[in-house]
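Architecture and fold: a report
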Amino acid sequence: MDERVHAEVRRIADEIGTMEIRGAAAIAEAAARALRSQATDSETTDPEAFKSELRAAARMLYETRPTAVSLPNALRYVLRGMSSTTVEGLRQDVVQSADDFCARLERAQADLGQVGANRLRDGDTIMTHCHSTDVFACVEAAVEQGKHIEAIVKETRPRLQGHITAEALHEMGVPVTLIVDSAARRYLNDVDHVLVGADAIAADGSVINKIGTSGLAVNARDRGAPIMVAAQTLKLHPGTMTGHTVDIEMRDTEEIIDDETLAELGNPTVKNPAFDVTPPRYVDAIVTERGQFPPESIVILMRELFGEGTTEPWAEP
Ligand SMILES: O=P(O)(O)OC[C@H]1O[C@H](OP(=O)(O)O)[C@H](O)[C@@H]1O
């Protein structure tokens, strides 16, 4: 363990790893705040040592979960703000960029919500998977526009984030029907939009989201229900512009089955991928705070935002 890393950063890294803090946007915000704590509480008087501490903290956060690109995008945003030559100046830089980042995130989600809401009509029923705050922003804005929206919510095995979604939509005044994941196809005939979030969007318009999204999208296409992905630009994966692929996180099999039951079954191999990839041909629209895009043209927005690529400022020079 790197002793230079602040206890608060270690706590947040731990909570991201165990998914007490989860959801791509929430992870990014927590990581930015963690770097802020590292900066405000640093006791070093040497600017180079200060920067090195921040990089070490960022690396620890970066290594918690591999798929949601919002995490490295957040770390990059905050670390790139360090331009001063004194420790006090650097501290202010980090505080300022972490605060900017969190404010931008909140604004982006609100703006994205307006765009997504415009796609929803009064009386529409959506089907959703997992728990996404970007999806909530769209539904909430539609409800605020006076539209009546109903939702079919997939429970989302193995961690049942569908329960969080059901409760939050209910609190918004949206009538909810909760179904097991395998019942999705049966109810797609009653659905006007499939509306899901994203952990990463690749340059070719592929959507990386909670495991089960790609099957839902294929079934929705077959049933003629449009598939809308709510993803603020924080979810765009700059590395995919230069040929990198997105790592799919494999989680502990205990999320699916306990050891005792596993032994009773003769110890079969168990796989627990947290995410899957939905090819762009199954996606109708990616809704961002910069407007809605057909998946094939998202790369244009990525080039505008990231140029031709990015570096990893948490790596030691
Ligand atoms: O940023 P927001 O829209 O809140 O969430 C986006 C995505 O993050 C979640 O991942 P996990 O539950 O952390 O594995 C889900 O896959 C969800 O669709």
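As a starting point, this report considers the structure included with it. Since we're looking at a predicted model, the values are computed, not measured. (Residues numbered from 1 in each chain as written. Predicted model: local features only at pLDDT ≥ 70, side-chain atom pairs only at ≥ 80, totals over all residues. Heavy atoms only, no water.)

Some thoughts on the pairing of strand β2 (residues 150-154)
- A large share of β2 lies buried, amounting to 4 of its 5 residues.
- Sheet analysis places strand β1 (residues 125-128) next to β2, joined by 4 bridges and oriented parallel. For Thr128, the partnering residue across the bridge sits in β2 and is Val153.
- In this region the chain leaves β1, passes through helix α6 (residues 133-144) and returns to the parallel neighbour β2; the handedness of that crossover is right-handed.
- As judged from the 4 bridges shared by β2 and strand β3 (residues 176-179), these two strands associate in the parallel manner. Following the sheet pairing, Lys154 is matched in β3 by Ile179.
- Assessed by its sense of winding, the connection that carries the chain from β2 through helix α7 (residues 161-171) to β3 is right-handed. (Buried < 20%, exposed > 50% of the residue type's maximum accessible area, 1.4 Å probe, protein only. Helix = DSSP H or I, 4+ residues; strand = E, 2+ residues; numbered from the N terminus. Pairing = 2+ DSSP bridges. Right-handed = clockwise from strand over helix to strand, strands pointing away.)

Structural notes on the packing of helix α3 (residues 47-62) against helix α5 (residues 87-119)
- Packing of α3 against α5 leaves a shortest axis separation of 9 Å and a crossing angle of 25°. Taken together, the axes of α3 and α5 are roughly parallel relative to one another. You can see that α3 and α5 cross each other, and the crossing is right-handed. Of the residues in α5, those in contact with Pro47, Phe50, Lys51 and Leu54 of α3 are Val87, Leu90, Arg91 and Val94.
- Of the residues assigned to the contact of α3 with α5, the class counts are 6 nonpolar, no polar and 2 charged. (Axes fitted to C-alpha atoms, helices over the stretch in contact; angles between N-to-C directions. Parallel < 35°, antiparallel > 145°, perpendicular 65-115°, else oblique. Left-handed = near helix turned anticlockwise from the far one by under 90°. Contact = heavy atoms within 4.5 Å. Nonpolar A, V, L, I, M, F, W, Y, C, P; charged D, E, K, R; others polar.)

Re the side chain of His237
- Mapped onto the elements, His237 comes out in the loop between β7 (227-230) and α10 (259-264).
- Residue His237 is classed as buried on the basis of its relative accessible area of 15%.
- Apart from the residues lying within four places of it in its own chain, the contact partners of His237 are Val69, Ala200, Ile201, Val246 and Met302.

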